[in-house]
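Descriptive structure summary
For reference, the chains in residue letters:
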Amino acid sequence: MGKERYTLLFLPQGSGKVRSITLPAFLVKYSLPLLLLLLLALVWMSYDYVRIKSGYQEIYALKKENVDQRVALQSLAGKISDLEDELIRLKTFGRKLRIMADLGDGKEGKEFLGIGGASEREDLSLNTEDSKALIKGLEKRISLIRDEIEEEKRSFDELHGYLLNQKTRLASIPSIRPAKGWIASSFGYRISPFTGRKHFHRGLDISNMSGTPVVAPGDGIVEKAGRDRLLGKYIVINHGYGIVTKYGHLSKILVKKGQRVKRGQEIGRMGNTGRSTGPHLHYEVVVKGRHVNPLRYILD
């Protein structure tokens, strides 16, 4: 029996020449499964290609998202660094104010927590591979800044209280002239108009017409208001901080003991009561029990 063969005829349209191909039977028999396997392999490769391409796109998107997150974290780290620098400047300024106010430097036995500086900061560059470590470092720095801010708030509260106290002290200092007029007798040694002998004059005599207003030169509380054989009608004001002022020879007293007075408030009228040769105000300033020259405190 001869070898079996198959003939393929190719019939053209029209009057073209008919062509044919003769193939062995075994070739036709085994080529169909092979072609099917090739087709299946082509389909699988196409699917795998699409799947791999999709995976690459997802990986690319994740990488881009990771880079974007790191850029955002780096930007946040830069802002935190700027905030640290501002906090350090604030702490330095606060320490200078405390030193100027004689409150110490605010260290309170602790080292100054300078949290800035490249050597003390963690590496927050885009080369950082562990994003969790990067975030943890930022959280740690934010916590440090929060603690430093609370410490500065306490320090500035103390400083604020001190400055308020200083404001009260400045308002209490007798710094203005208690009455208009001319100085008839200065602080220090002089010849007494009554005895003709040299004696120490512990105040300042300001002369003017009887009834001229006498005002408090600083805030304080009226400690005494009455009459004396030598000073006549007189007033004593305690300004606090060891400062006391006295006013003598008044014609009229306009305040009473225990009354709180403000700088510039009228407290009496100039007169000629007590041991006096004419209308004037005898004005004394006593600091911690010692008489001082009132002119040292008069600024106007």
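Residues numbered from 1 in each chain as written. Predicted model: local features only at pLDDT ≥ 70, side-chain atom pairs only at ≥ 80, totals over all residues. Heavy atoms only, no water.

On to the overall build of the protein chain. Looking only at helices and strands, the protein chain features two helices and 14 strands. Put simply, of all contacts in the protein chain between residues at least 6 apart along the chain, 59% involve residues at least 24 apart. About 20,600 Å² of surface is accessible on the protein chain, with carbon and sulfur atoms providing 58% of the total. (Helix = DSSP H or I, 4+ residues; strand = E, 2+ residues; numbered from the N terminus. Contact = heavy atoms within 4.5 Å. Areas by Shrake-Rupley, 256 points an atom, 1.4 Å probe, with all protein chains shown as cover.)

In this section: the packing of aromatic side chains. Applying the stated criterion across every chain yields a total of three aromatic pairs. Measuring from centroid to centroid gives 5.2 Å for F187 and F200, while their planes differ by 85 degrees, and the two rings are edge-to-face. Residue F187 is found in the loop between β3 (182-185) and β4 (188-191), and its partner F200 is found in strand β5 (residues 198-201); the two are separated by 13 residues along the sequence. For F187, a relative accessible area of 22% puts it in the partly exposed group. F200 gets classed as partly exposed once you look at its relative accessible area, which sits at 34%. Here the aromatic cluster, defined as three or more aromatic residues joined through ring pairs, consists of F187, Y189 and F200. (Phe/Tyr/Trp six-rings, centres within 6.5 Å; stacked < 30°, edge-to-face > 60°. Buried < 20%, exposed > 50% of the residue type's maximum accessible area, 1.4 Å probe, protein only.)

This part covers the pattern of salt bridges. Tallied over the entire structure, the rule returns two salt bridges. Note that D219 and K262 form a salt bridge whose closest N and O atoms lie 3.1 Å from each other. Of this pair, D219 sits in the loop between β7 (213-215) and β8 (220-228) while K262 sits in the loop between β11 (260-261) and β12 (266-270), placing them 43 residues apart in sequence. On the accessibility criterion, K262 (48% relative accessible area) is partly exposed. (Salt bridge = Lys/Arg side-chain N within 4 Å of Asp/Glu carboxyl O.)

Counting residues in hydrophobic clusters, the biggest one holds 19 residues, and the most contacted among them are V214, I235, I237, Y247, V261, I267 and L281. If you list the elements that add at least two residues to this core, you get β9 (232-240), β10 (243-253), β12 and β13 (280-287). A per-element tally of this core places β13 first, with four residues. In contact with V261, not counting residues within four places along its chain, are A216, G218, D219, G220, V222, I237, V255 and I267. In terms of nonpolar packing, the next biggest core, distinct from the first, is built from seven residues, I80, L87, L134 and L138 among them. (Core = buried A, V, L, I, M, F, W, Y, C linked by side-chain atoms within 4.5 Å.)

Put simply, the protein chain has an average pLDDT of 79, and 76% of its residues get 70 or more. Strand β1 (residues 5-10) is the least confidently modelled element of the protein chain, averaging 70 in pLDDT, while β7 averages 98, the highest of any element. This stretch, residues 108-128, has a pLDDT under 50; its non-local contacts, to residues over four places away or in other chains, come to 39 contacts. (pLDDT = per-residue confidence, 0-100.)

It is worth spelling out the environment of H282 at this point. By the secondary structure assignment, H282 is in strand β13. For H282, a relative accessible area of 8% corresponds to the buried category. A C-alpha to C-alpha distance of 9.2 Å links H282 and S185, two positions 97 residues apart in sequence. Those residues in contact with H282, other than ones at most four positions away along the chain, are H201, G203, L204, D205, L231, K246, Y247, G248 and H249. A polar contact is formed between the side chain of H282 and the side chain of H201, at a distance of 3.3 Å. Separated by 3.1 Å, the side chains of H282 and D205 make a polar contact. (Polar contact = N/O pair within 3.5 Å; in protein donor to acceptor, adjacent residues only side chain to side chain.)

Here the focus is the pairing of β9. One ladder, built from seven bridges, connects β8 with β9; its direction is antiparallel. Within β9, the position partnered with V222 by the bridge is I237. Between the end of β8 and the start of β9, which pair antiparallel, lie three residues. Hairpin connection from β9 to β10: two residues lie between these consecutive antiparallel strands, with Y241 at a positive phi of about 60 degrees. (Pairing = 2+ DSSP bridges.)

Glycine aside, the phi torsion of most residues is negative, and most peptide linkages are trans. Of note, the phi angle at Y241 is positive, near 60 degrees, even though the residue is not glycine. Tracing the chain through its elements places Y241 in the loop between β9 and β10. For K288, which is not glycine, the phi torsion reads 55 degrees and is therefore positive. On the secondary structure map, K288 appears in the loop between β13 and β14 (290-292). According to the relative accessible area criterion, K288 is exposed, its value standing at 72%.

Next up on the list: the side chain of S276. The topology assignment puts S276 in the loop between β12 and β13. For S276, the side chain forms a polar contact with the side chain of H280, separated by 3.3 Å.

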